[in-house]
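Structural description and commentary
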Amino acid sequence: MLTKKLPPVQSVLFLVSRRASQLSRQRYDVIVVGGGHAGTEAAAAAARVGAETLLVTQKIQTIGALSCNPSLGGVGKGHLVREVDALDGLCGRAGDWAGINFSVLNRSKGPAVWGLRAQLDRQRYREFIQAELLSTPRLKVLEGSVEELLVSDPNPAEPGHHRVTGIRLANGSQPISASSVVLTTGTFLSGSLFVGRTSSPGGRIGDAPSSSGLTQTLRDQLGLRVGRLRTGTPPRLLKDSVDLSLAKLHPPDRQPTPFSFTNTQTRCKPEEQLPCYLTYTTPGVERVVRESLHLNCHIQQDAKGPRYCPSIESRVLRFPGRSHQVWLEPEGLTSDLLYPQGLSMTMPPDVQLRLIREIPPLHRAEIHTPGYGVQYDYVCPTQLSPALQVKNTQGLFLAGQINGTTGYEEAAAQGLWAGVNAARRALSQPPAALSRTESYIGVLVDDLVSRGVTEPYRMFTSRAEFRTSLRPDNADLRLTMKGFELGCVSAVRHHEAVRVRCSLQNAIAALQALTMSSTSWRKKLPGISMSENKSQTLSGMDLLEYKDVSFEILASVFPECLSPYMEFSQRLKIEAVYKPHNDQNRSEIKRIQSEENMSLPQDIDYFTLPVSLSQEVREILDRFRPTTLGAATRLQGMTPAAIANLFNYVHFTR
Ligand code: FAD
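Here we summarise the structure given alongside this text. Bear in mind the structure is a predicted one, so any value in this text is a computation, not a measurement.

**Observations regarding the overall build of the chain**
Across its full length, the chain holds 21 helices and 23 strands. At 26 Å, the chain has a C-alpha radius of gyration in line with the 26 Å of a compact globule built from 654 residues. Projected onto the principal axes, the alpha-carbon positions of the chain cover approximately 80 × 70 × 55 Å. Out of the 654 residues in the chain, the part that is buried amounts to 49%. A separation threshold of at least 6 residues defines the contact pool for the chain, and within that pool the share at least 24 residues apart is 73%.

In structure tokens form, the structure reads like this:
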């Protein structure tokens with residue numbers, strides 16, 4: 001992959017760009033609306049599953065655009081990228097193609113929470129995604145703005161339940177019908193852009209918002225609850241105007257670690273990587289923020305912003321008197337711009353310039369594009385099923401920022417999952433399920449549909465109860481075989497995952513068969529400190545748990561049985577380190593999986609259910625209508641007694 005030549009973007013655009021009148025069909029299995037991170041994964045996944053798919057997006061040239069930070073991954077987010085890749089999605093391979101600075105975050109902690117992150121070249125990322133979509137069979141791309149969703153009238157037998165039948169474009173062309181529609185309109189739903197005291201309609205700088213018709217269908221026709229959130233982006237700086245000698249150099253990892261299981265190396269050679277720089281805000285920054293609050297209407301609005309990626313205004317107001325980190329990051333291999341991460345701001349452009357010049361390396365900096373804020377509608381995601389389908393509208397799936405999340409990785413993960421399920425529905429297959437015990441994607445989807453959001457949701461490793469088993473290193477073992485069964489993973493990738501799984505199983509069996517007393521081990525490995533209990537019997541797998549025992553050391557002592565597995569030395573070490581913990585977790589995981597598998601009938605009237613439940617619990621159950629007992633367990637306000645009563649009711653009476 002890394003040696004392949006991508007077609008130049010212009011030819012990609014020419015080839016994929018079609019007018020509605022030139023489409024070969026007016027009916028598709030799946031239509032995906034929006035070509036951002038959710039939409040591209042959704043469209044590619046639906047097509048891989050076997051659905052005739054149409055991706056409709058406002059501007060083909062912005063497919064794969066990184067609206068804000070040119071980076072991918074991080075702690076928790078890197079896990080999502082590995083999982084999307086294990087399901088044959090695009091973003092991991094695109095990251096390997098476009099990365100120009102790779103580092104593994106959290107290295108001082110255990111490998112279960114390592115966060116693979118890369119700074120990206122924007123242009124390369126877009127080129128890769130566009131070229132991938134072009135070469136995906138069964139996928140067509142259409143430039144256009146979707147004006148309206150076509151929805152059938154509710155069935156009298158199922159009042160309030162609709163069915164999506166297709167879309168209508170803003171240009172007045174013929175409607176296009178589909179069995180499933182995936183909406184991935186990001187920050188574009190009733191989007192408004194803010195700089196200083198001015199606001200204008202828009203989904204992103206240079207892009208119009210989604211038409212009001214779309215919001216009307218969702219809100220008025222389908223009766224969906226909609227909330228409002230906000231986010232923002234920093235000004236882009238001219239690199240030549242920044243004095244990087246006054247900032248602290250942060251080199252990337254010497255050896256880049258690829259995101260994708262299919263790659264052993266990244267396109268960017270280790271020595272070609274570009275560094276990042278770290279600097280800090282000064283009291284002058286806080287002064288400018290405070291002096292200009294009256295000129296800044298974005299910050300005064302009620303809509304909630306991203307807590308973990310706040311604007312400089314929010315940081316200064318929440319933590320007065322502190323100095324805040326600012327990362328100066330490259331925007332591309334040949335780009336003459338720098339991205340100042342941590343300086344998202346929405347004051348007027350002249351004030352932005354004054355503010356950045358209060359930071360020593362930026363004392364003469366010039367702004368290429370001012371920072372701005374965006375406010376947008378999101379659909380409260382508790383109205384979705386775990387397949388990301390709107391509960392009251394068959395065939396309508398939502399994914400990405402429209403569900404109240406923030407970040408490319410969260411969007412990509414939902415997009416892939418919605419695309420798989422939209423295709424399965426169109427092909428008359430049952431919805432696919434992904435538990436929170438087996439993946440971060442399962443955690444993300446479950447959090448959204450069972451708990452909802454009150455602020456932009458981003459992934460953290462702390463959200464996963466079983467993070468010692470949901471590791472970035474084993475995402476292929478957890479998901480690739482399943483993805484193959486669902487139809488979204490190619491035979492080639494599946495074949496490789498099966499080979500890896502067999503080899504790891506054989507290697508673990510070989511290690512476990514190497515059993516002897518700790519005294520004998522001490523003789524074989526004199527330099528290693530181990531249990532003082534001389535009669536204790538230890539296997540090679542037990543030994544590998546010790547900090548200073550590597551697989552290489554064991555293989556040098558037992559080359560005949562272990563050297564065939566040298567390529568897996570790091571994975572085996574990680575397996576051994578987490579084995580005791582995961583053995584302990586196994587029964588808990590089984591219990592949760594059986595709860596997950598217990599469906600709660602959707603026609604239950606919780607207010608009249610003849611079981612002992614408090615009025616408060618009844619109201620919670622009625623409001624969120626969890627689809628499984630597992631989802632009910634995680635609702636805030638549920639009690640163990642209520643869960644036990646619900647279990648008994650479903651188990652014995654249904
Ligand atoms: P998007 O990537 O926004 O894609 C939506 C797509 O839908 C676009 O291609 C658009 O053209 C298309 N579209 C919209 N309406 C229609 C229509 N009616 N018809 C056809 N096509 C349509 N994330 C962070 O993690 N940290 C940040 O600090 C951060 N800051 C951000 C700042 C700004 C200003 C913006 C705009 C976004 C920011 N994000 C940030 C969010 C990040 O960009 C998104 O989380 C991510 O891009 C969401 O992906 P998505 O696919 O849901 O939507």
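**Some points on helix 5 (residues 122–134)**
Over its 13 residues, helix 5 runs 19 Å from end to end, which matches the ideal 18 Å to within 8%, given 1.5 Å per residue. Counting buried positions over the 13 residues of helix 5 gives 10, a clear majority of the element. Residues R124, Y125, R126, E127, F128, I129, Q130, A131, E132 and L133 constitute the buried set of helix 5.

**A closer look at helix 7 (residues 283–291)**
Inspection of helix 7 places V285, E286, V288 and V289 among the buried residues, and these make up the whole buried set. Mapping the buried residues of helix 7 onto a view down its axis gives an arc of 160 degrees, with all of them on the same face. Every exposed residue of helix 7 that faces more than 90 degrees away from the buried side is listed here: P283 and R290. Buried residues belonging to helix 7 abut helix 8 (312–318) and helix 9 (349–356).

**Regarding the packing of helix 12 (residues 475–486) against helix 13 (residues 491–513)**
For the pair helix 12 and helix 13, the least separation of the axes is 9 Å and the interaxial angle reads 140 degrees. In terms of axis orientation, helix 12 runs oblique to helix 13. Handedness of the crossing formed by helix 12 with helix 13: left-handed. Between helix 12, through D476, L477, T480, M481 and F484, and helix 13, the contact on the second element is made entirely by R493, H494, A497, V500 and R501. Residues of the contact of helix 12 with helix 13, tallied by class, amount to 5 nonpolar, 2 polar and 3 charged.

**Thoughts on the environment of S245**
Following the sequence through the fold, S245 ends up in the loop between strand 13 (236–238) and strand 14 (248–250). Note on S245: 8 C-beta atoms within 10 Å, which makes it exposed. Spatially, the C-alpha atoms of S245 and Y277 are 9.4 Å apart, while their sequence positions differ by 32 residues.

**Structural notes on the sheet that holds strand 19 (residues 372–379)**
Strand order in the open sheet formed by 4 strands is 11-10-19-12, with antiparallel pairing between adjacent strands. Strands with a single pairing partner mark the edges of an open sheet, and in this sheet they are strand 11 (198–201) and strand 12 (226–233). Ignoring which end each strand starts from, the neighbouring axes of this sheet average 25 degrees apart.

**Focus on the pairing of strand 16 (residues 325–330)**
Here 4 bridges tie strand 15 (residues 276–280) to strand 16, and the two strands are oriented antiparallel to one another. If you follow T279 over to strand 16, its bridge partner there is V326. Relative to strand 17 (residues 337–341), strand 16 runs antiparallel, the two being bridged by 4 bridges. Across the sheet, E329 pairs through a bridge with Y339, a residue of strand 17.

**Examining the nonpolar core**
Counting residues in hydrophobic clusters, the biggest one holds 114 residues, and the most contacted among them are V30, I31, A42, A46, V181, V182 and L398. Not counting residues within four places of it along the chain, the set of residues in contact with A42 comprises V32, V182, T184, A399, G415, L416, A418, G419 and A422. The next biggest cluster of nonpolar side chains, apart from the first, holds 23 residues, and it includes V288, V316, L328 and M345.

**Regarding the site of the ligand**
Of all residues adjacent to the ligand, which total 41 residues, the nearest are G34, G36, G186, G400 and A411. Counting residues per element, the ones that place at least two in the shell around the ligand are helix 2 (37–49), strand 2 (53–57), strand 12 and helix 10 (408–426). In the shell around the ligand, the residues fall into 12 nonpolar, 26 polar and 3 charged.

**A few points about the pairing of strand 5 (residues 115–120)**
In terms of burial, strand 5 is a largely internal element, 6 of the 6 residues being buried. Across the two faces of strand 5 the burial is the same, with G115, R117 and Q119 and L116, A118 and L120 all buried. With 3 bridges joining them, strand 3 (residues 71–73) and strand 5 adopt antiparallel strand pairing. Counted as the bridge partner of G73 is R117 from strand 5. Sheet analysis places strand 4 (residues 99–105) next to strand 5, joined by 6 bridges and oriented antiparallel.

**Examining unusual backbone geometry**
In this model, D88 sits at a positive phi of 70 degrees, which is unusual for a non-glycine residue. Relative to the helices and strands, D88 is located in the loop between helix 3 (77–86) and helix 4 (91–98). One non-glycine residue, R625, lies in positive phi territory at about 40 degrees. You can see R625 is positioned in the loop between helix 19 (615–624) and helix 20 (629–633).

What counts, and at which threshold
Residues numbered from 1 in each chain as written. Predicted model: local features only at pLDDT ≥ 70, side-chain atom pairs only at ≥ 80, totals over all residues. Helix = DSSP H or I, 4+ residues; strand = E, 2+ residues; numbered from the N terminus. Rg over C-alpha atoms; globule rule 2.2 N^0.38 Å. Buried ≥ 20, exposed ≤ 12 C-beta atoms within 10 Å, placed from the backbone. Contact = placed C-beta atoms within 7 Å. Expected span 1.5 Å × (residues − 1). Arc of directions from axis to C-beta. Axes fitted to C-alpha atoms, helices over the stretch in contact; angles between N-to-C directions. Parallel < 35°, antiparallel > 145°, perpendicular 65-115°, else oblique. Left-handed = near helix turned anticlockwise from the far one by under 90°. Nonpolar A, V, L, I, M, F, W, Y, C, P; charged D, E, K, R; others polar. Pairing = 2+ DSSP bridges. Core = buried A, V, L, I, M, F, W, Y, C linked by C-beta atoms within 7 Å. Near = placed C-beta within 6 Å.

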